[in-house]
Amino acid sequence: DHGDILIVQVPPAEIVTNTPLQRPNATDYFTYLNDQLIVRFYEKKDPTKESCKISLLKGMDFGTVCDYLAREVQVKATHIRLWPMSVDRDGPSSKPLRMEERASLQYMTNGQKERDKKERVLYWEELSIPLEEMEQKIPLKIVPFSPAVVPQNEVELLCDKNDTVDD
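Keep in mind it's a predicted model, so treat the numbers as computed, not measured.

*Asks:* Can you walk me through the overall build of the protein chain in this structure?
*Replies:* A tally of helices and strands in the protein chain yields four helices and six strands. Seen in sequence order, the protein chain has helices and strands lined up from the N terminus as α-β-β-α-β-α-β-α-β-β. Put simply, the protein chain has 167 residues, and 28% of those count as buried. Looking at the protein chain alone, contacts between residues at least 24 apart form 47% of all its contacts between residues at least 6 apart. Approximately 12200 Å² of the protein chain is accessible, and the part contributed by carbon and sulfur atoms is 51%.

In structure tokens, the structure reads:
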């Protein structure tokens with residue numbers, strides 16, 4: 001009537017199984033249920049099309065989340081950059097997750113509207129180089145100026161932090 005849960009646990013020694021138990025006791029299983037989040041991933045270049053939906057845990061770190069995503073979308077986990085959902089509009093934020101925001105999945109999805117407490121959204125993109133290497137570089141966007149105000153292709157260069165204009 002009040003949503004109480006009654007758990008009867010059989011001692012692990014009495015369970016007959018050929019596979020090891022992932023959550024061998026009621027406490028572990030309850031923690032798993034409590035910490036579980038469903039994360040919907042959208043590719044940043046097409047934020048309207050859902051790439052996949054994965055059940056993850058709040059405490060998972062950035063690398064673990066990328067490993068799960070990489071298996072689903074068939075890319076290298078080291079080449080994934082994640083973007084949080086924008087707090088003021090639907091779609092990705094204007095900036096990717098910073099290092100301090102990657103401590104856990106819970107931090108990565110902070111600020112999202114509480115539509116569903118167990119469901120979150122992240123955006124992803126595949127990088128041409130590993131994320132760790134990309135973060136050691138400084139992006140430099142070059143947009144050619146056209147007097148006729150004709151749209152030009154934007155070029156982004158990744159420069160080492162010690163590069164100079166002569167380089």
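That was the structure; now back to the text.
*Asks:* Help me out: how do you make sense of a nonpolar patch on the surface in this one?
*Replies:* The grouping of Leu140, Ile142, Val155 and Leu157 at the surface amounts to a nonpolar patch, some 310 Å² of accessible area in total. Of all the secondary structure elements, the ones that give two or more residues to the nonpolar patch are strand S5 (137-142) and strand S6 (155-160). Residue position: leucine 157 is located in strand S6.

*Asks:* Got a minute to help me understand the nonpolar core in this structure?
*Replies:* For soluble globular proteins, the rule of thumb is that nonpolar side chains tend to be buried together. Core analysis: the biggest nonpolar cluster contains 25 residues, and Phe41, Leu69 and Leu82 have the highest contact counts within it. Elements that contribute at least two residues to this core include exactly strand S1 (36-43), strand S2 (50-57), helix H2 (62-73), strand S3 (80-84), helix H3 (105-108), strand S4 (119-126) and helix H4 (131-134). For phenylalanine 41, the contacting residues outside a window of four places in its chain are Glu50, Ser51, Cys52, Ile54, Leu56, Val65, Leu69, Leu82, Leu122 and Trp124. Tyr42, Trp83, Val121 and Tyr123 belong to the second-largest nonpolar core, a separate cluster that totals five residues.

*Asks:* Can you help me understand the pattern of salt bridges in this one?
*Replies:* Side-chain pairing between opposite charges can occur once the charged atoms of the two side chains come close. A full pass over the atoms with the stated rule returns four salt bridges. Across the salt bridge formed by glutamate 50 and arginine 40, the nearest N and O atoms sit 3.5 Å from each other. Of this pair, glutamate 50 sits in strand S2 while arginine 40 sits in strand S1, placing them 10 residues apart in sequence. Given a relative accessible area of 34%, glutamate 50 falls into the partly exposed group. Since its relative accessible area comes to 19%, arginine 40 is described here as buried.

*Asks:* Even after reading the chapter, I still don't get the packing of aromatic side chains, so can you show me in this structure?
*Replies:* Aromatic rings considered in pairs are described by the distance between their centres and by the relative angle of their planes. On inspection of all chains with the given rule, the structure shows one aromatic pair. Aromatic side chains tyrosine 42 and tyrosine 123 sit 5.7 Å apart centroid to centroid with 35° between the ring planes, which places their arrangement in the tilted category. Residue tyrosine 42 is found in strand S1, and its partner tyrosine 123 is found in strand S4; the two are separated by 81 residues along the sequence. Each member of the pair, tyrosine 42 as well as tyrosine 123, is classed as buried. One Lys or Arg, lysine 44, reaches over the ring of tryptophan 83 and ends 4.3 Å from the middle of that ring. Taking NZ or CZ as reference, arginine 71 lies 4.8 Å from the ring centre of tyrosine 68, over its face.

About the criteria used
- Residues numbered from 1 in each chain as written.
- Predicted model: local features only at pLDDT ≥ 70, side-chain atom pairs only at ≥ 80, totals over all residues.
- Heavy atoms only, no water.
- Helix = DSSP H or I, 4+ residues; strand = E, 2+ residues; numbered from the N terminus.
- Buried < 20%, exposed > 50% of the residue type's maximum accessible area, 1.4 Å probe, protein only.
- Contact = heavy atoms within 4.5 Å.
- Areas by Shrake-Rupley, 256 points an atom, 1.4 Å probe, with all protein chains shown as cover.
- Patch = residues over 30% accessible without salt bridge, like charges linked within 9 Å, V, L, I, M, F, W, Y side chains within 5 Å.
- Salt bridge = Lys/Arg side-chain N within 4 Å of Asp/Glu carboxyl O.
- Core = buried A, V, L, I, M, F, W, Y, C linked by side-chain atoms within 4.5 Å.
- Phe/Tyr/Trp six-rings, centres within 6.5 Å; stacked < 30°, edge-to-face > 60°.
- Lys NZ or Arg CZ within 6 Å of the ring centre and 35° of its normal.

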